[in-house]
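Chain residues, written in single-letter form:
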Amino acid sequence: MEATAIKLPSKQPQELDLHSFLKSGKSMDFKSRVQGFADYLAKVQNAHGFTYRRLVVSPPGREVTIWDDDAKKERRMLMFASNNYLGLANSTYVKQKVREAIEEYGIGLGGPPLLNGYTKLMQELEERLAHLKHQESALVFSTGYMANLGMVNALVGPNDHILYDELSHASLHDAMHLSRVAATEFAHNDLSEMEAKLEQLTANVKGTVFVGMEGVYSMDGDLAPLDKLVPIVKKYNAITMLDDAHGTGVLGKTGSGTAEHFGVEHQIDLSMGTFSKSFAVTGGFVAGSKDLVDYMRFFARSYMFSAALSPATLAAVLAGIDVIENEPSLRVRLLENARYAIEKLQPFGIVTKPDAAIVALQVPEWMDMRKANYHIHQRGIFLNAIEYPAVPEGKQRFRISLMAAHTKEDIDHLAEVMGETWYNPTFRKEGF
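Here's what I pulled together on the structure shown here.

## Comments concerning the overall build of the protein
Link 1 in the chain: Scanning the protein from terminus to terminus reveals 15 helices and 14 strands.
Link 2 in the chain: Here the protein has a C-alpha radius of gyration of 23 Å; the compact-globule value for 432 residues is 22 Å, and the two agree.
Link 3 in the chain: Each principal axis of the C-alpha distribution contributes one length, and for the protein these read about 60 × 50 × 50 Å.
Link 4 in the chain: Taken over 432 residues, the protein has a buried fraction of 53%.
Link 5 in the chain: By sequence separation, contacts in the protein at least 24 residues apart represent 70% of the contacts at least 6 residues apart.

## Remarks on the sheet that holds strand β3 (residues 73-79)
Link 1 in the chain: Taken in spatial order, the four strands line up as β1-β2-β3-β12 in an open sheet, and their pairing is mixed. Here the strands that pair on one side only, and so sit at the sheet edges, are β1 (55-56) and β12 (381-382).
Link 2 in the chain: Bridge analysis of β3 against β12 gives two bridges, and the strand direction is parallel. In the sheet register, L78 faces β12, and the bridge partner there is I381.
Link 3 in the chain: Running at roughly 105° to β3, helix α14 (residues 369-378) makes contact with β2 (63-68), β3 and β12 of the sheet.

## A look at the sheet that holds strand β6 (residues 182-186)
Link 1 in the chain: What the seven strands build is an open sheet, ordered β4-β10-β9-β8-β7-β5-β6; its pairing is mixed. The two strands at the open ends of the sheet, each matched to only one other strand, are β4 (137-141) and β6. For this sheet the average axis-to-axis angle between neighbouring strands, irrespective of direction, equals 20°.
Link 2 in the chain: Pairing of strand β7 (residues 209-214) with strand β8 (residues 239-243), which is carried by five bridges, proceeds in the parallel orientation. Bridging across to β8, G212 finds its partner in M241.
Link 3 in the chain: Contacts between helix α4 (residues 120-132) and the sheet are confined to β4 and β10 (284-288), with β4 contributing the most and set at about 125° to the helix.
Link 4 in the chain: Contacts from helix α10 (residues 290-299) reach β4, β9 (270-274) and β10 within the one sheet, and its direction differs from that of β4 by about 25°.

## Thoughts on the pairing of β10
Link 1 in the chain: In terms of burial, β10 is a largely internal element, five of the five residues being buried.
Link 2 in the chain: The alternating pattern of β10 places G284, V286 and G288 on one face and F285 and A287 on the opposite face, and all of these are buried.
Link 3 in the chain: Relative to β10, β4 runs antiparallel, the two being bridged by five bridges. Bridged to V140 within β10 is F285.

## Observations regarding a nonpolar patch on the surface
Link 1 in the chain: A cluster of nonpolar side chains, contributed by L55, V57 and W67, occupies part of the molecular surface with about 270 Å² of accessible area.
Link 2 in the chain: You can see L55 is positioned in strand β1.

## Overview of unusual backbone geometry
Link 1 in the chain: Although it is not a glycine, H134 sits at a positive phi angle of roughly 60°.
Link 2 in the chain: With respect to the element layout, H134 can be found in the loop between α4 and β4.
Link 3 in the chain: Positive phi, normally seen in glycine, also occurs at R180, with a value near 55°.
Link 4 in the chain: Note that R180 resides in the loop between α6 (170-179) and β6.
Link 5 in the chain: Assessed through its relative accessible area of 78%, R180 is described here as exposed.

Rules used in this analysis
- Residues numbered from 1 in each chain as written.
- Predicted model: local features only at pLDDT ≥ 70, side-chain atom pairs only at ≥ 80, totals over all residues.
- Heavy atoms only, no water.
- Helix = DSSP H or I, 4+ residues; strand = E, 2+ residues; numbered from the N terminus.
- Rg over C-alpha atoms; globule rule 2.2 N^0.38 Å.
- Buried < 20%, exposed > 50% of the residue type's maximum accessible area, 1.4 Å probe, protein only.
- Contact = heavy atoms within 4.5 Å.
- Pairing = 2+ DSSP bridges.
- Axes fitted to C-alpha atoms, helices over the stretch in contact; angles between N-to-C directions.
- Patch = residues over 30% accessible without salt bridge, like charges linked within 9 Å, V, L, I, M, F, W, Y side chains within 5 Å.
- Areas by Shrake-Rupley, 256 points an atom, 1.4 Å probe, with all protein chains shown as cover.
- Salt bridge = Lys/Arg side-chain N within 4 Å of Asp/Glu carboxyl O.

Below is the structure:
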C-alpha cells in the first residue's frame, strides 16, 4: 500500500511551523511522516525561512565566518548564539594545553571509564570539578544529557519521587521518562507551590524525594532563587539536584556557579553541569559526596556504557578551569555586557529580566519569526530563533547569548537591527 502524503496546513511556507507539522502528521504512518517532513522542510528552505545549520567556516569567537548559501560566498557575522561565554573555544592557552595533552596521551583509550578509559587527566579533572563545586567528589560523563540521565537512572528508585521545576531542561524530562520514575512538576520558580507539593510528597512517599531545579534557565536566562529555594528543600529533608549548566564559569565569586552566587554552595547534594557552555566543548559531570559519586560509577548506565572523553577534551576543560580561576575579569566583562544588552534591548519585550548571559525576547504574536530572523541574519547578526517544541506553542523567542569578548559597539549594532525588525510591517503575519 502506498503511503498517504501529509496535507500541510494552508499557510504561506514561511509561516509553517513544527507544531503545525506535528499536528498534521500525528496519525500518519512512518513513511508518510518522513516524506511529509521532507516536503515541509523544502518549502521552508525555499521561502528563506530556514536559519538552522548555518555553516560556520572559521574559528569561534565574537565574530564568525559562515558560508552564505544564498549569496554563494563566505561572509562575517556577529555571533550572539553561542554559549562560548568566556571565549575558551579559541583560547590560545586552552589550545596549547590540548596540543600538549594529545602529544602526551594520544587521542583516546577506546573504552568506558569504569574499565579501561580512566586516565590521569580524568582523575585530575574530577578532583578540580569537585573543588570548583565545593563537593567531595565528581564523575565525568560523555555529555551533559548523559549526566542527567545517569544521575536519575542510578539514584532514583521505585519508591522515590522527583519534584521538578516545569522549565527544567529536556534532558531531565527524558531522564525521568526513560527511568520510569515517579515525578511531579511545580510552576516555574513558584516557591509556594513547590513547598505545598513537597510537604505533601514527603508525608506520603515511602522513599526519598528529590527536588530538581536549574541555576540559570536556558530559554529565558533567569535564575532559580536558590537562597530561598534550598532552605525549603532542606526543611523537608529532600535531596537537591541542581543543573547548573549555564551558571558554571559565569556566576559566583570564584566562577563556581549559581549556588555560590546565592551563598548556598555547601547545601547542594547533587550539582550537575556540562562542558558545552562556558568550557565550549562536549561532556558533562555530576558532583556530590564521595559515597554518592562512587555509587553512580557502578549504577549510572550512561556512564558505564559510554566511552570515556578524549584526552583533548579533558585537557580543554582543565585548561578552562585554570582560566576561570585565574582570570575573573572575563566574568566581570561578560556580566557587564549582559547588563548593557538588557538596557539596549529593553524595548523589545525581554521575557524576564535575566541575571546571567542569556537574554530572551518574546516574539510578538503578529510577527512572522522566520521572516524576521532571516532579515536579522542578512544584517549580519547570528542569533537563535527558538520555536516549538523547544518552547511551548505561542512562546517563541529570539534567544541572545553574550560573550566576554563582545564590545559595546557589537551590542549597539544588535539593538539597531532588532529595532529595524521589531516595528517593520514587512514581518507581519497574514491577518494581522
